[in-house]
Amino acid sequence: MLLGEASRNIVATKQRSLLALLGIVIGTASVIAMLNVGSIMHNAVLEQFRAMGTNVINIRQRYATDEDDPARNQLDLGLARALGPALPQLIQVAPFDSASAQLRAGAETQNVRLTGATEALQGLLRVRLAAGRWVSELDGVELQGVVGSEVASNYAAQTNQPLEVGDRVGLDGYTMTVAGILEPYPRGGGVSPISPNRTIFLPIKALQRFDADNQLEGILARVHPQADHQELARTIETWVEERAPGLPVEVNSAEQLLANMEQQSRMFTIMLGAIGSIALIVGGVGIMNIMLVSVTERRKEIGIRLAIGARNADIRRQFLVEAVMLCLLGGVIGAALGTGVAIAFAHFTGNPFVAAPMAVLLGVSVSTLTGIAFGYYPALQASRLDPIIALRSE
Amino acid sequence: MSAAQPLVSLQDVHRSYRVGPTDVHVLRGVQLEIHRGELASLMGASGSGKSTLMNIIGMLERPSSGDFFFEGRDVLQLAPDALAHYRNQQIGFVFQTFHLLPRLTALDNVGLPLLYQDVSKREMRRRAREILGRVGMGDRVDHRPNELSGGQRQRVAIARALVGNPSVVLADEPTGALDSSVGREIMDLFHELNGEGVTVVIITHDPAIARECPRQLVIRDGVVAGPEQVPA
Ligand SMILES: Nc1ncnc2c1ncn2[C@@H]1O[C@H](COP(=O)(O)OP(=O)(O)OP(=O)(O)O)[C@@H](O)[C@H]1O
Ligand SMILES: [Mg+2]
C-alpha cells in the first residue's frame, strides 16, 4: 500500500520527477562506470603480464651512439653475456634483436617481424611450441626459423596448405628452414616489445643477414622475485656505466609499468568519482526540491491523514519512501547507463568487459542513501505540519 | 454526576488565537458532556467556534486551558502518538468538503484509517467493502472521488469515518455542500447509524436539521448552551 501509493504519486508528477532524476541517473551511472572501468583496466593490466609474469625487465639503448667514434659503446652481445654473471639478481638473461622481412608464400608475400633469439628467450617469453623446436646455439648463422602462430596461419591461407616443420620457405633473398611453429601467444607482453604471434624467431647470429649492425634491440631478463626493481635498475645503470662509459641505457621494469598503468586508471577513477558525487549532490538537491514542493502541494492530504490517525512517523515514512523510490528509479536507470558506458569503454579500448561485482550493489545503495539523505528533511517537514492548518489549506 | 461515565467531558475549556498583537478569544469556558449513543447537533453563528470545538474534541487541536477527558482519560496528558492512536480508533471525522484523497479509489479511501493499524491489506479491503455497502455505495468501490457525485462522496467520507469502529463520529457541516434532497439522505444515514448505536455530533447551520437531533447544542459568546436557545 505504501509502495503502491508512492509510485502513484511519482507517476502523477512525472515530468518534474524525471527532471530531478537526471542528476541521480548521471551520478549513479558515473559511479557504476567508474567501478567497471576500474575493473576492466585492472584486468587489462593483469592480462599484460599473465604470459610473462611481472618479474621481467627490459634493458634497451635509448639512442644510437656516434658511429664515427671508434671507441663508442653499444648494447651488444658481449655486454649481454657479461650481465648475467655480474648481477645475481638476474635469473635469466635473453638478448634479442629485430628486423623485418618479406616471407614468400607461393605467389604472395607477407611482411613479418624477425627476432634474433638465444635459447633463453623461449623461457623468458614463455612461448610454447606447437611443433618442432626452439632456436639453438648450435644453429649458428643457419636460417632455422621458429614461426609465430599468426605468421603460420597467414602462410597457410595464402598457399592453401599448412606450414610444417622442415618446410623451406623464401625469406627476402634467402631460404629459411622451419625449425618450429609456436602456439598462439596471449595478448600483451608486459615490458617486452616482442609480439610472438607475428614474429619469426631466428638464431641471433643468423639475424645479422637482415640487420648488419651489432646493436641489440634489447635485453630481457627475469628478476629474482625478491628483488627491488627500482634499486635493480639503478644497479644495472651503474654497472653499464662502469663497463661501457657513455652508453645510454634505460631499464623498464614490469613493476614500474604496472604502477604507471594503475596511476592512469586511478586518475580516471577519481575523475569519474568526482563527477558522480557532484551529480549525486545536484540530483539529491533536485529530489529535495521536488519533495518540498510535493509536501506543500499535498498539505491537505497530510492533514487528512493526520486527522484519521496517522502518526508523525507514518507521514515521515511515506515521504521518505517516495524520495527513496524516486532515487532508486534513477539508480536503476543510472546502473544500466553506467554499465553501458563501461561496455562501450571496453569495446573501444579493445579490452574484454569485466563486470565489477560490487558495482550495481553500490550504485543502488548510493542512490538509496541519496534518497534518504535528501528526502529526510522534506519528510520531516511533512510530519511536522499542524493538522488543522494542513486541513484548512486548499 | 451521572451514573454512566461520559464519553467526552470538557471542563472550562478556553481557546484563543493570537492574531497580530491581539488575542482572539474563541472559546471562553466551555462545559460539555457527551454520552455514548447520543445524536447531538451543534449550531452557532459563523466564526463562533464550532469547528474549533470539534477539532478539540477530535484531538486535532489543544485547548489553551481547561480539561478534556475521553472515557475518563485525561487527553491533554497524552503524547502525540497516543493522540494519533485515539484519533484512529475512537474518532471518525466527516467534513463539509469531504476531504477524500483524489488519487485513491473509494475502497482505498475508506481503508485508509486501517492503514495506520495492524490490519492486513486483505482485511482492510474486506472491511472497507463491507462499510461501503452499509452506506449504500457497494456498487461504486472502484470509483475515484471525481467520478462520484457530492452525495456519493459524502457517503464514502462517512464510510471512512466508520471503518475503524469509532466511539464518536464528528461531522462538521456534512450537508453544507449538498443540495437539500441529498442532504436529507445523508441525515437519514446518520439517524440510521445512530440507531445502530454510533454516537454522532453534527455541526449545522440548518435549524431543521438541528431540531431533528435528540440533543441540540448552541455555541454563543464562547460557551455551549442547551437546547432552549435553538431558534424556532
Ligand atoms: N488558526 C487560527 N488562527 C487564528 N484564528 C483562528 C484560527 N482558527 C480559527 N480562528 C478563528 O476562530 C474563530 C472560530 O473559528 P471556527 O472555524 O471555529 O468557526 P466556526 O464556528 O466553525 O465558523 P463557520 O460556521 O464559518 O465554520 C474565527 O474567528 C476564526 O477566525
Ligand atoms: Mg466551521
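Residues numbered from 1 in each chain as written. Chains lettered and ligands numbered in written order. Predicted model: local features only at pLDDT ≥ 70, side-chain atom pairs only at ≥ 80, totals over all residues. Heavy atoms only, no water.

Quick look at the overall build of chain B now. The secondary structure content of chain B amounts to seven helices and 10 strands. Its C-alpha atoms give chain B a radius of gyration of 18 Å, near enough to 17 Å, the size a compact globule of 232 residues would have. Expressed as lengths along the three principal axes of its C-alpha atoms, the size of chain B is roughly 45 × 45 × 40 Å. Within chain B, the proportion of its 232 residues that are buried is 53%. Long-range contacts, defined as pairs at least 24 residues apart, comprise 70% of the intrachain contacts of chain B with a sequence gap of at least 6. A total accessible area of about 10,200 Å² is found for chain B, and carbon and sulfur atoms account for 48% of it. Of the side chains in chain B, 25 bear a positive and 27 a negative charge, and the two mean positions are spaced by 5 Å. (Helix = DSSP H or I, 4+ residues; strand = E, 2+ residues; numbered from the N terminus. Rg over C-alpha atoms; globule rule 2.2 N^0.38 Å. Buried < 20%, exposed > 50% of the residue type's maximum accessible area, 1.4 Å probe, protein only. Contact = heavy atoms within 4.5 Å. Areas by Shrake-Rupley, 256 points an atom, 1.4 Å probe, with all protein chains shown as cover. Lys, Arg positive; Asp, Glu negative; His and termini not counted. Charge placed at Lys NZ, Arg CZ, Asp CG, Glu CD.)

There is a patch of like positive charges on the surface, built from Arg8 of chain A together with Arg103, Lys121 and Arg144 of chain B. Among the secondary structure elements, arginine 144 of chain B is positioned in the loop between helix H4 (121-134) and helix H5 (150-162). Judged by relative accessible area, which is 34%, arginine 144 of chain B ranks as partly exposed. (Patch = residues over 30% accessible without salt bridge, like charges linked within 9 Å, V, L, I, M, F, W, Y side chains within 5 Å. Salt bridge = Lys/Arg side-chain N within 4 Å of Asp/Glu carboxyl O.)

It is worth spelling out the packing of aromatic side chains at this point. Here the distance between the centres and the angle between the planes together describe a pair of aromatic rings. Residues and elements named next belong to chain A. For the structure shown, the criterion picks out four aromatic pairs over all chains. Ring centres of tyrosine 174 and phenylalanine 210 lie 5.4 Å apart, and the angle between their planes is 70 degrees; this geometry places the pair in the edge-to-face category. One end of the pair, tyrosine 174, is in strand S7 (residues 174-182); the other, phenylalanine 210, is in the loop between strand S8 (199-203) and strand S9 (218-223), and 36 residues separate them in sequence. For tyrosine 174, a relative accessible area of 33% gives the class partly exposed. (Phe/Tyr/Trp six-rings, centres within 6.5 Å; stacked < 30°, edge-to-face > 60°.)

The local shell around ligand 1 holds 14 residues, among which Ser46, Gly47, Lys50, Ser51 and Thr52 of chain B are the closest. Bordering ligand 1 are residues originating from chains A and B. Serine 46 of chain B is positioned such that a nitrogen or oxygen atom in its side chain is 2.6 Å from an oxygen atom of ligand 1. The separation between an oxygen atom of ligand 1 and a polar side-chain atom of threonine 52 of chain B is 2.6 Å. Coverage of ligand 1 by the protein amounts to 69% of the 630 Å² it exposes when considered alone. Counting only elements with at least two residues in the shell around ligand 1, the list comes to strand S1 (8-19) and helix H1 (50-57) of chain B. With three residues, H1 of chain B is the single largest residue contributor to the shell around ligand 1. For the shell around ligand 1, the per-class residue count stands at four nonpolar, seven polar and three charged. (Near = heavy atom within 4 Å. Polar contact = N/O pair within 3.5 Å; in protein donor to acceptor, adjacent residues only side chain to side chain. Nonpolar A, V, L, I, M, F, W, Y, C, P; charged D, E, K, R; others polar.)

Next up on the list: the pattern of salt bridges. Considering all chains together, one arrives at 23 salt bridges over all chains under this definition. Between arginine 126 of chain B and glutamate 130 of chain B there is a salt bridge whose closest N-O contact spans 3.2 Å. Here arginine 126 of chain B and its partner glutamate 130 of chain B are both found in helix H4, four residues apart, which amounts to about one turn of the helix. Each of the salt bridges in this network shares a partner with another, and the network as a whole consists of Arg298, Glu301, Arg305 and Glu322 of chain A.

Residue and element names in this part refer to chain B. With respect to topology, four strands assemble into an open sheet ordered S2-S1-S4-S5, the strand pairing being antiparallel. Every other strand in the sheet has two partners, leaving strand S2 (22-34) and strand S5 (73-74) as the edge strands with one partner each. Across two bridges, strand S4 (residues 65-70) lies against S5 in antiparallel orientation. Pairing of phenylalanine 70 across the sheet is with arginine 73, part of S5. The strands touched by H1 are S1, S2 and S4; relative to S2, the strand with the most contacts, the crossing angle is about 60 degrees. (Pairing = 2+ DSSP bridges. Axes fitted to C-alpha atoms, helices over the stretch in contact; angles between N-to-C directions.)

This part covers the environment of valine 13 of chain B. All names here are of chain B. When you line up the elements, valine 13 lands in strand S1. The spatial distance from the C-alpha of valine 13 to the C-alpha of arginine 129 is 39 Å, given a sequence separation of 116 residues. If near-sequence neighbours (up to four positions away) are discounted, valine 13 is found in contact with Leu27, Arg28, Gly29, Val30, Ile56, Pro63, Ser65, Gly66 and Asp67.

It is worth spelling out the confidence of the model for chain A at this point. Looking at chain A as a whole, the pLDDT averages 87, with 97% of positions reaching at least 70. Ranking the elements of chain A by mean pLDDT puts helix H1 (residues 2-12) of chain A last with 70 and strand S5 (residues 144-147) of chain A first with 96. (pLDDT = per-residue confidence, 0-100.)

Moving on to the interface of chain B and chain A. The accessible area lost on association of the parts is a frequent measure of interface size. Each partner contributes residues to the interface: chain B has 22 residues there, and chain A has 24 residues. Interface area for chain B against chain A, summed over the two sides, is near 2,200 Å², with a carbon-plus-sulfur share of 64%. On the surface where chain B and chain A come into contact, there are three residue pairs in polar contact (both at pLDDT 80 or more). Elements that contribute at least two residues to the side of chain B that touches chain A include exactly helix H2 (80-90), helix H3 (106-115) and H4 of chain B. Here the residues of the side of chain B that touches chain A are counted per class, giving 12 nonpolar, three polar and seven charged. (Buried area = accessible area lost by both parts, 1.4 Å probe.)

What follows is about the environment of leucine 114 of chain A. Residues and elements named next belong to chain A. With respect to the helices, strands and loops of the structure, leucine 114 is situated in strand S3 (residues 108-117). Sequence separation between leucine 114 and isoleucine 204 is 90 residues; the distance between their C-alpha atoms is 9.9 Å. Not counting residues up to four positions away in its chain, the partners in contact with leucine 114 are Asp97, Ser98, Ala99, Ser100, Ala101, Leu171, Thr199, Ile200, Leu202, Leu207 and Phe210.

Right, let's talk about a negative patch on the surface for a bit. Side chains of Asp66, Glu67, Asp68, Asp69 and Asp213 of chain A sit close together on the surface and give a patch of like negative charge. Structurally, aspartate 213 of chain A can be placed in the loop between S8 and S9.

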